[in-house]
Amino acid sequence: MKDFTTEPMLEVCDVVHKYGQVTALSNVSLSAQKGEFLTILGSSGSGKTTMLRVISGLETPYSVGRLRIGGEDVVGVPAAKRRCTTVFQNYALFPHMSVLENVAYGLKIRKLPADDVIREARRALEMVRLEQKADRSIRQLSGGERQRVALARAVVTRPAVLLLDEPLGALDERLRQDMQLELMDLQRKLDMTFVYITHSQEEALTMSDRVILMRNGRVEQRGEPLELFDRPATRFAADFMGYENILPGRLIQREGDRGQVELTGGARVLGTLAADDLAVGDRVNMALRAERIAPVGPEDQGLDGSLRSKVYRGKYTDMLMDTAAGPLRLRSWHGAPAEHESFSRVGWKETDAVIFADNDV
Amino acid sequence: MTMNAEIGSPANARQENRMERPSFRLPLASLAFWGISLAWFIIVIIPLIILFVYSFFTTQYFQTVYSPSLETWTSLFSSGRFEVTLRTLRIALTVTMIELLVGFPFALWLAKGNVSKLGRAIFLALLTIPFFLDLSSRTIVWRAILGQNGLVNTILISTGLTEGPVDWLLYSEFSVHFGMIPALFPPMVLPIYMAINLIDDTLIEASSDLGGSPAQTFSRVILPLSLPGVMAGFVFTLGPALAAWVEPGMLGGGFVNLLSNSIESAYTALRYPVVAALSAFVIGLLLLLLGMMMLVLRRFGGSGLTLR
């Protein structure tokens, strides 16, 4: 993990934004250090794009406590004067300019000498490995290439913060994975602060130093990617991070960060507490990933049930099991024994089961 | 070939169909293309050719003499037609430039300004209203407003702003310009509005995000991307302005003769070859102006955008 001891490159405090009567952001705060890769994760309508537009200056917030980019107060400063640039979701490349002209745009606007403009723009294109296509028209580029041009255009002016609005959303799976690596590589090389917006928990997990999960214009949970992935603190977070099973129950015993839950139906199982403030007797939820559940012997902790369905999906097998605590989804990544044998009891490691308060609406 | 396949086994037919589809659609499209081209040729191009051919005939005693000669063309610019041509050009270009100067900002505001959906719909409807009413009925109303005893002069005199009636308001070049401007405003605004409307808002946002001031965003992004609309607006405005006939006739009062008035008088005198030659000349003039405009735009567009 990187060490962020310098002053924050981006500081946003208490942003409130409304579209008419609809509140898009309510008191959202965030900050990012120099060289940090911060991801804002959320589904559509969570306010993540609005947040990005507030930072870039393309949207004027209803109210904001503090907004600083690169140490400068930018409240009321127009987008053009802020030291941050955006990689737009649809790339927003200028169709009437060549690749090189697109990349050079920000430099030309700043009235730099023509030689410097071309040299800097070519260097940026080299960085994204497109120097051969400098004179092409935008229309002649593939989606991934357009993506890289947009990236080069945004970083060529050396902004303090680079904002990326779901930049990989329009690319196919393979390309997306390649671009993820390329983006991380580029970010490390430039040592630039990236604020990355996505709805994909997988992207957030692989790329970021820190993740902010947003929901309905509020921050639902924030932390390092693994924290969010392994210790979701709410039902929404667990659901969003891809936990297939969320079982309701009651906390009946706790010891350190380990707890025992009595699930609906009476089965008592072990798990790990996501938060410290849970007390014995609280209503809780237990989240379990389908692939972390496996058949166990009769003495091990777990749940009894009967297999209802089994779907072979090539790489893995999805199973649905009826238990006293409700239906349970299982995923097996290896053929045997789950695929051919029948079993009546499943279990999990207690570190794989997350327990959090059942206070969600 | 396709018929045979369809009669054959169903599976075979389906396969054939799928493979044939692209090449089957193409003939239809090209059929339509050639059909429309042929119709266009018959309806528009052939009359133009006949017109052009007519200009090489002459008239004697109100009869057209069908023997080829250059007489009509050589005598075309005698009897002060050169001044008429210059005046026509000057007025048509002035009107077009005024339309462009007023129409472009209006179109920009309508397409990208802070206009509500309802407001935009109302303005677009207002722009189409002139097409509902005959041009001469719209134009003749101005006589009552601009005349010596008209509305404007009555107000001016009764408020004591002027002592006598202002006489250049009607039957002058002013009134001809004035009459043409509202008539030719929609054909200039609508194509520009369409072109600007097509510009993706994120391009404008991207420009200011990259540091572009509103003026830079306008000159480097909005203007170049709206040029096709400007070009179309130019064509739709300059053409009718060169051929304007109602406004100079009704508001010029015989003092402002344009080429169209020459065509009309030649027509009434049954001198069809002159009509043909003058019409061909106006078309040539229009093509020449558009060609120049195209060159200017390409130059301007090119130098404004490239790094070189």
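Residues numbered from 1 in each chain as written. Chains lettered and ligands numbered in written order. Predicted model: local features only at pLDDT ≥ 70, side-chain atom pairs only at ≥ 80, totals over all residues. Heavy atoms only, no water.

1. Some thoughts on the packing of helix α5 (residues 117–128) of chain B against helix α8 (residues 173–197) of chain B
Residues and elements named next belong to chain B. Put simply, the test is: Between the N-to-C directions of two axes lies an angle of 0 to 180 degrees, each axis being a line fitted to C-alpha atoms and, for a helix, fitted only over the stretch in contact. Segments assigned H or I by DSSP are reported as helices when at least four residues long, segments assigned E as strands when at least two residues long, and all are numbered from the N terminus. Put simply, angles under 35 degrees are roughly parallel, angles over 145 are roughly antiparallel, angles from 65 to 115 are roughly perpendicular, and the rest are oblique. Whether two residues are in contact is decided by their heavy atoms: any pair within 4.5 Å suffices. Each residue gets one label: Ala, Val, Leu, Ile, Met, Phe, Trp, Tyr, Cys and Pro are nonpolar, Asp, Glu, Lys and Arg are charged, and the others, such as Gly, are polar.
The interhelical angle for the contact between α5 and α8, taken along N-to-C directions, is 140°, at an axis separation of 10 Å. In terms of their interaxial angle, α5 and α8 are classed as oblique. Counting all contacts with α5, which are made through Arg120, Leu124 and Leu127, the residues of α8 involved are Phe185, Pro186, Val189, Leu190 and Tyr193. For the contact of α5 with α8, the class distribution of residues is seven nonpolar, no polar and one charged.

2. Thoughts on the environment of A:Leu25
Residues and elements named next belong to chain A. Along the chain, Leu25 falls in strand β2 (residues 22–33). In sequence terms Leu25 and Phe37 are twelve residues apart; their C-alpha atoms lie 22 Å from each other. In this structure, Leu25 is in contact with Val15, Val16, His17, Gly47, Thr50, Met51, Val54, Met214 and Gly217, ignoring residues within four places of it in sequence.

3. Some details on the packing of helix α6 (residues 135–146) of chain B against α8(B)
Residue and element names in this part refer to chain B. Inclusion rule: Handedness of a crossing follows from how the near helix is turned relative to the far one, being left-handed for an anticlockwise turn of less than a right angle and right-handed for a clockwise one.
Their axes nearest at 11 Å, the elements α6 and α8 cross at an angle of 135°. With respect to each other, α6 and α8 are oriented oblique. In this structure, α6 crosses over α8, and the sense of that crossing is right-handed. Here Leu135, Arg138, Trp142 and Leu146 of α6 lie close against α8, whose contacting residues are Ser175, Phe178 and Ala183.

4. Comments concerning the interface of chain B and chain A
For clarity, the cut-off: Note: buried area is the sum, over both parts, of the accessible area (probe 1.4 Å) each one loses when the two are combined. We count a salt bridge whenever a side-chain nitrogen from Lys or Arg sits within 4 Å of a carboxyl oxygen from Asp or Glu. Definition of a polar contact: a pair of N or O atoms within 3.5 Å, with one able to donate and the other able to accept a hydrogen when the atoms are protein atoms, and with sequence-neighbouring residues admitted only if both atoms are side-chain atoms.
Counting residues at the interface gives 21 residues for chain B, matched by 29 residues for chain A. Contact between chain B and chain A buries roughly 2200 Å² in total, counting both sides, with carbon and sulfur atoms accounting for 60%. Our count for the chain B to chain A interface comes out at one salt bridge. Across the salt bridge formed by B:Glu205 and A:Arg53, the nearest N and O atoms sit 2.6 Å from each other. The interface formed by chain B and chain A includes nine residue pairs in polar contact (both at pLDDT 80 or more). When residues of the side of chain B that touches chain A are assigned to their parent elements, the largest contribution, seven residues, is made by helix α9 (residues 201–209) of chain B. Broken down by class, the residue content of the side of chain B that touches chain A amounts to eight nonpolar, eight polar and five charged.

5. Points about the pattern of salt bridges
Working definition: two side chains of opposite charge can pair if their charged atoms are close together. All names here are of chain A. Counted only if it meets this: A simple rule labels every residue: compare its accessible area, found with a 1.4 Å probe on the protein chains alone, to the largest value its type can have, and call it buried under 20%, exposed over 50%, or partly exposed in between.
Under the criterion given, the structure shown has 27 salt bridges over all chains. Salt-bridge contacts for Arg215 lead to Glu220; the nearest nitrogen and oxygen are separated by 3.5 Å. With a shortest N-O distance of 3.8 Å, Glu262 and Arg250 are connected by a salt bridge. With a gap of twelve residues between them, Glu262 in strand β12 (residues 258–263) and Arg250 in strand β11 (residues 245–255) connect regions that are remote in the sequence. Residue Arg250 is classed as partly exposed on the basis of its relative accessible area of 34%.

6. Overview of helix α3 (residues 114–127) of chain A
Residue and element names in this part refer to chain A. Using the following cut-off: One less than the number of residues in a helix, times 1.5 Å, gives the span that helix is expected to have. It is the directions from the helix axis to the C-beta atoms whose arc is reported.
Along its 14 residues, α3 runs 20 Å from first to last C-alpha, staying within 8% of the 20 Å computed at 1.5 Å per residue. Looking at α3, one finds that the buried residues are Val117, Glu120, Ala121, Ala124 and Leu125. All buried residues of α3 project into a common sector of 140° when viewed along the axis, lining one side. Contact partners of the buried residues in α3: α2 (99–109) and α4 (143–155).

7. Here's the deal with the pairing of strand β8 (residues 193–198) of chain A
Residue and element names in this part refer to chain A. Defined as follows: Should DSSP find at least two bridges between two strands, the strands are taken to pair.
Burial within β8 is extensive, with six of its six residues counted as buried. Here β8 shows two buried faces, one formed by Thr193, Val195 and Ile197 and the other by Phe194, Tyr196 and Thr198. Looking at chain direction, strand β3 (residues 37–41) and β8 are connected through five bridges and run parallel. Note on β8: the bridge partner recorded for Phe37 is Phe194. Note that strand β7 (residues 161–165) and β8 share five bridges and pair parallel. In the strand pairing of β8, Leu163 is matched with Val195.

8. Thoughts on the sheet that holds strand β1 (residues 8–19) of chain A
Residue and element names in this part refer to chain A. As summarised here, the arrangement of the four strands in space is β2-β1-β4-β5, forming an open sheet in which the pairing is antiparallel. Strand pairing shows two members of the sheet lacking a second neighbour, β2 and β5 (72–73), which therefore form its edges. As defined by bridge partners, strand β4 (residues 66–69) adjoins β5 across two bridges and the pair is classed as antiparallel. Within the sheet, the bridge partner assigned to Arg68 lies in β5 and is Asp73. Each of β1, β2 and β4 is contacted by helix α1 (residues 48–56), which is oriented at about 120° to β1, the strand it contacts most.

9. So, the packing of aromatic side chains
The line we're drawing: Here is the rule: rings of Phe, Tyr and Trp (six-membered ring for Trp) pair when centre to centre is within 6.5 Å. Planes less than 30 degrees apart are stacked, more than 60 are edge-to-face, and the remainder are tilted. Any Lys NZ or Arg CZ found within 6 Å of a ring centre and within 35 degrees of that ring's normal is scored as a charge over the ring.
The tally for this structure, following the rule as stated, stands at 20 aromatic pairs over all chains. Put simply, the rings of B:Phe106, B:Trp109, B:Phe123 and B:Phe185 touch in pairs and so form one group of aromatic residues. For the cation-ring pair, A:Arg153 lies above A:Phe94, with the distance from its terminal atom to the ring centre recorded as 4.8 Å. The ring of A:Tyr316 is capped by A:Arg331, whose NZ or CZ atom sits 4.1 Å from the centre of that ring.

10. Some words on the confidence of the model for chain B
All names here are of chain B. Applicable threshold: pLDDT runs from 0 to 100 and stands for how confident the predictor is about each residue.
With 89% of its residues at a pLDDT of 70 or more, chain B has an overall mean of 83. Of all secondary-structure elements in chain B, the lowest mean pLDDT belongs to helix α1 (residues 2–7), at 40, while α9 reaches the highest, 94. Overall, residues 1–21 carries pLDDT values under 50, and its contacts beyond four positions in sequence, including any with other chains, amount to eight contacts.

11. With respect to the nonpolar core
All names here are of chain B. Inclusion rule: Only buried residues count toward a nonpolar core. Its members are Ala, Val, Leu, Ile, Met, Phe, Trp, Tyr and Cys residues joined through side-chain atoms within 4.5 Å.
Core analysis: the biggest nonpolar cluster contains 47 residues, and Ile91, Met180, Ile192, Val230, Leu242 and Leu259 have the highest contact counts within it. Contributing elements (two or more residues each) for this core: α4 (81–112), α8, α10 (214–242), α12 (259–268) and α13 (272–305). Here Val230 is in contact with Leu100, Phe104, Ile192 and Met293, once residues within four sequence places are set aside.

12. What about the sheet that holds strand β9 (residues 210–215) of chain A?
Residues and elements named next belong to chain A. With mixed pairing, six strands are arranged side by side in an open sheet as β6-β7-β8-β3-β9-β10. Two strands close off the open sheet at either side, each with one partner strand: β6 (84–87) and β10 (218–223). Averaged over all adjacent pairs, the angle separating strand axes in this sheet is 20°, with direction ignored. Docked against the sheet, α1 engages β3, β6, β7, β8 and β9, running at close to 150° with respect to β7.

13. Concerning the side chain of A:Asn245
Residues and elements named next belong to chain A. Relative to the assigned elements, Asn245 resides in strand β11. Residue classification places Asn245 among the buried positions, given a relative accessible area of 2%. In this structure the side chain of Asn245 is engaged in a polar contact, spanning 2.7 Å, whose partner is the backbone nitrogen of Arg329. Those residues in contact with Asn245 that sit more than four places away from it in its chain are Met286, Ala287, Leu288, Arg289, Ala290, Ile293, Pro327, Leu328 and Arg329.

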